[in-house]
Amino acid sequence: MRLKLLLAYDGTGFSGWQIQEKPNPPPTVQGTLEAALARLTGGPVRVFGSGRTDAGVHAHGQVAHCDVPDRPGLDWRHALNAVLPPTVRVLAAEAAAPDFDARRDALAKTYVYQFWREPRFVPPTLAPFVWACGPLDEAAMRATLPAFLGERDFASLRNAGSETRGSVRHIFAASLTALAPQEFYPPHVPLLRLSVTASGFLKQMVRNMAGILAACGRGKLAPDAVPDLLAACDRAAVPAATAPPQGLALACVEYGAARGDASAAPAPAVPH
């Protein structure tokens, strides 16, 4: 039976999604899931994700599929959550079409990146899920967003080490939202959330977008310079550093009607 899983995880303690085939491999989300499935099925089970999140990156709505024995009446969500660590939760588990593929069938993915701009403090419940970057000019960041929209070669936003040959992607939407002040804390600068929806993403593409936005927000890069940086199709042409991983989360993955439509709701304000 092909099983479709909707997953949320705190990526802080993981070396990304993908298993690393080497002696004494570090913990990964895929490896953790496969170990849990092996306990339930009594044999090896390979899990395929919709995308590979990097070390330290989180997920609110990762989608994966795997083939498991048909166990009528078994609640796979409950059974998996009983053996998984609390940093990985199965939000939903359902039987899928035999040819469902979490990666190939995806029509769009949305990532979110969170900027914490208050310089005086970072709430401990938020610290693992934001970039404590300090003050940023929100207007300058918003002025940068239109440059990213549309279908183009995004090689300037791809870091080295990618196994993907092509670098053309289509960004359908990109927005910047100032969230409400965090409850229980003194008045502070609102957290900013970047949300990006695209046909697919290159290695650390959203983190490089976030780095460019931060550079514009700090006055180190002019928003009107960004189109030329993208047109260069060369990561070395971009002066902004890659934003750190902890601010990034895979929010949701969308599929067509035959595949169950959207597989997750928009990300919550604070990951749990």
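That block above? That's the structure.
Fair warning: this is a prediction, and the values are worked out from it, not measured in the lab.

**Topic: the overall build of the chain**
Point 1. A count of helices and strands for the chain gives five helices and 10 strands.
Point 2. Taken over C-alpha atoms, the radius of gyration comes to 19 Å for the chain, in line with the 19 Å a tight globule of 272 residues would show.
Point 3. Here the chain, with 272 residues, has 49% of them falling under the buried criterion.
Point 4. Looking at the chain alone, contacts between residues at least 24 apart form 71% of all its contacts between residues at least 6 apart.
Point 5. Here the chain displays about 12400 Å² of accessible surface, and carbon together with sulfur accounts for 55% of that area.
Point 6. For the chain, the distance from the average position of its 26 positive side-chain charges to the average position of its 23 negative side-chain charges is 4 Å.

**Regarding the nonpolar core**
Point 1. Phe115, Phe148, Leu194 and Ile212 are the most contacted members of the largest nonpolar core, which totals 68 residues.
Point 2. In terms of residue count, the dominant contributor to this core is helix H4 (residues 205-217) (nine residues).
Point 3. In this view, phenylalanine 115 contacts Trp131, Cys133, Leu136, Met141, Leu176, Leu191, Leu192, Leu194, Ala210, Leu213 and Ala214; residues no more than four positions away in its chain are not counted.
Point 4. Grouped together as the second largest cluster of nonpolar side chains are five residues, Trp116, Leu126, Leu179 and Leu191 included.

**Some remarks on the pattern of salt bridges**
Point 1. Per the counting criterion, the structure on display carries eight salt bridges.
Point 2. Its salt-bridge partner being arginine 2, residue aspartate 67 comes within 2.8 Å of it at the nearest N-O pair. Note that aspartate 67 is positioned in strand S3 (residues 58-67) and arginine 2 in strand S1 (residues 2-9), a separation of 65 residues in sequence.
Point 3. Here glutamate 21 makes a salt bridge to arginine 46, at a shortest N to O gap of 3.8 Å. Residue glutamate 21 is found in the loop between S1 and helix H1 (29-41), and its partner arginine 46 is found in the loop between H1 and strand S2 (47-49); the two are separated by 25 residues along the sequence.
Point 4. Among the residues examined, arginine 46 registers a relative accessible area of 39% and is labelled partly exposed.

**Observations regarding the packing of H1 against helix H2 (residues 76-83)**
Point 1. At their nearest, the axes of H1 and H2 sit 9 Å apart, and the two run at 115 degrees to each other. Our classification of the angle between H1 and H2 gives roughly perpendicular. Every pair of crossing elements has a handedness; the one defined by H1 and H2 is right-handed. Here Ala36, Leu37, Arg39, Leu40 and Thr41 of H1 lie close against H2, whose contacting residues are Trp76, Ala79, Leu80 and Val83.
Point 2. Considering only residue class, the contact of H1 with H2 consists of seven nonpolar, one polar and one charged.

**With respect to H2**
Point 1. Buried within H2 we find Trp76, Ala79, Leu80 and Asn81.
Point 2. The elements touched by buried residues of H2 are S1, H1 and strand S4 (88-95).
Point 3. For H2, the N-terminal cap is aspartate 75; the gap from its side-chain oxygen to the backbone nitrogen of arginine 77 is 3.2 Å.

**As for the pairing of strand S10 (residues 248-254)**
For a regular strand, side-chain orientation follows a simple rule: the groups alternate between the two sheet faces.
Point 1. Counting buried residues in S10 gives six out of seven residues, a clear majority hidden from the surface.
Point 2. Looking at chain direction, S3 and S10 are connected through two bridges and run parallel. The residue bridging histidine 58 from the neighbouring strand is alanine 249, located in S10.
Point 3. Looking at chain direction, strand S5 (residues 108-116) and S10 are connected through six bridges and run antiparallel. Looking at the pairing, alanine 108 lines up with glutamate 254 of S10.

**Let's talk about the side chain of histidine 65**
Point 1. By the element assignment, histidine 65 lies in strand S3.
Point 2. Its relative accessible area of 4% is what places histidine 65 among the buried residues.
Point 3. Within the local environment of histidine 65, its side chain forms a polar contact with the backbone nitrogen of alanine 102, the two atoms lying 3.1 Å apart.

**So, the packing of aromatic side chains**
Point 1. Taken as a whole, this structure holds eight aromatic pairs when the rule is applied.
Point 2. For the pair tryptophan 116 and phenylalanine 121, a centre-to-centre distance of 6.2 Å together with 55 degrees between the ring planes defines the contact as tilted.
Point 3. Geometrically, the ring pair formed by phenylalanine 121 and tyrosine 185 is stacked, given 6.0 Å between the ring centres and 25 degrees between the ring planes. Taken together, the residues span a long stretch of sequence, with phenylalanine 121 in the loop between S5 and strand S6 (131-132) and tyrosine 185 in the loop between strand S8 (168-178) and strand S9 (192-198) at a distance of 64 residues.
Point 4. Note on tyrosine 185: relative accessible area 31%, which makes it partly exposed.
Point 5. Here the aromatic residues Tyr113, Phe115 and Trp131 are joined through ring pairs into a cluster of three or more.

**Let's talk about the environment of glycine 31**
Point 1. Mapped onto the elements, glycine 31 comes out in helix H1.
Point 2. With 153 residues separating them in the primary sequence, glycine 31 and phenylalanine 184 have C-alpha atoms 38 Å apart.

Calculation rules
Residues numbered from 1 in each chain as written. Predicted model: local features only at pLDDT ≥ 70, side-chain atom pairs only at ≥ 80, totals over all residues. Heavy atoms only, no water. Helix = DSSP H or I, 4+ residues; strand = E, 2+ residues; numbered from the N terminus. Rg over C-alpha atoms; globule rule 2.2 N^0.38 Å. Buried < 20%, exposed > 50% of the residue type's maximum accessible area, 1.4 Å probe, protein only. Contact = heavy atoms within 4.5 Å. Areas by Shrake-Rupley, 256 points an atom, 1.4 Å probe, with all protein chains shown as cover. Lys, Arg positive; Asp, Glu negative; His and termini not counted. Charge placed at Lys NZ, Arg CZ, Asp CG, Glu CD. Core = buried A, V, L, I, M, F, W, Y, C linked by side-chain atoms within 4.5 Å. Salt bridge = Lys/Arg side-chain N within 4 Å of Asp/Glu carboxyl O. Axes fitted to C-alpha atoms, helices over the stretch in contact; angles between N-to-C directions. Parallel < 35°, antiparallel > 145°, perpendicular 65-115°, else oblique. Left-handed = near helix turned anticlockwise from the far one by under 90°. Nonpolar A, V, L, I, M, F, W, Y, C, P; charged D, E, K, R; others polar. Polar contact = N/O pair within 3.5 Å; in protein donor to acceptor, adjacent residues only side chain to side chain. Pairing = 2+ DSSP bridges. Phe/Tyr/Trp six-rings, centres within 6.5 Å; stacked < 30°, edge-to-face > 60°.

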